[in-house]
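Coordinate inspection notes
Each chain, written out:
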Amino acid sequence: MFIAYAVVGVLLALVLLASARAKLTQDKRVVDGLTGIGVPLSMFPFLATCEIAGAAGLLVGLWYAPLGIAAAIGVVLYFIGAAGVHLRKRDFKGLPNALVILIFAAAALSLRAVSL
């Protein structure tokens, strides 16, 4: 199960880093999508920092399981919140991205927990 976690964790970390980069560089699609549901631009650095921390924790979790589990829990909670905001604002266009990442985060959590 560890190899499966390593694959899912590394891929998820790359997705999180790409998402953080898009927020920090204020990619037009990301800005339009998030400001359209009420997220202020001033929150982008905080959201990007959360994603970077999650990615780092998932990667360090390859060597130190408790950190990998904690990071995966954090990423799951982050994307539950993201999906919730999209649902609350009835933004069904932005919802699938959050749900797919949420599923991968839940898979990473499960895989790391069983590979102790």
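Below you will find a few notes about this structure. (Residues numbered from 1 in each chain as written. Predicted model: local features only at pLDDT ≥ 70, side-chain atom pairs only at ≥ 80, totals over all residues. Heavy atoms only, no water.)

Counting its secondary structure elements, the protein contains five helices and zero strands. For the protein, the succession of helices and strands along the chain, N to C, is α-α-α-α-α. Rg of the C-alpha trace for the protein: 14 Å, near the compact-globule value of 13 Å for 116 residues, within the 12% margin. The principal-axis extent of the C-alpha atoms belonging to the protein is close to 40 × 25 × 15 Å. Considering only contacts within the protein whose residues lie at least 6 apart along the sequence, 67% involve residues at least 24 apart. Working note: accessible area of the protein is about 6600 Å², and carbon and sulfur atoms make up 73% of it. Charged side chains of the protein number 9 positive and 4 negative; the gap between the two group centres comes to 4 Å. (Helix = DSSP H or I, 4+ residues; strand = E, 2+ residues; numbered from the N terminus. Rg over C-alpha atoms; globule rule 2.2 N^0.38 Å. Contact = heavy atoms within 4.5 Å. Areas by Shrake-Rupley, 256 points an atom, 1.4 Å probe, with all protein chains shown as cover. Lys, Arg positive; Asp, Glu negative; His and termini not counted. Charge placed at Lys NZ, Arg CZ, Asp CG, Glu CD.)

For the rest of this paragraph, the subject is the pattern of salt bridges. Side chains bearing opposite charge may pair, as long as their charged atoms lie close to each other. This model, assessed by the stated rule, comprises three salt bridges. Between Glu51 and Lys23 there is a salt bridge, with its nearest N and O atoms 3.2 Å apart. Of this pair, Glu51 sits in helix α3 (residues 44–60) while Lys23 sits in helix α1 (residues 2–24), and the two are 28 residues apart along the sequence. According to the relative accessible area criterion, Lys23 is buried, its value standing at 8%. A salt bridge links Asp27 to Arg29, with the nearest nitrogen and oxygen atoms 3.6 Å apart. The exposure class assigned to Arg29 is exposed, which follows from its relative accessible area of 70%. (Salt bridge = Lys/Arg side-chain N within 4 Å of Asp/Glu carboxyl O. Buried < 20%, exposed > 50% of the residue type's maximum accessible area, 1.4 Å probe, protein only.)

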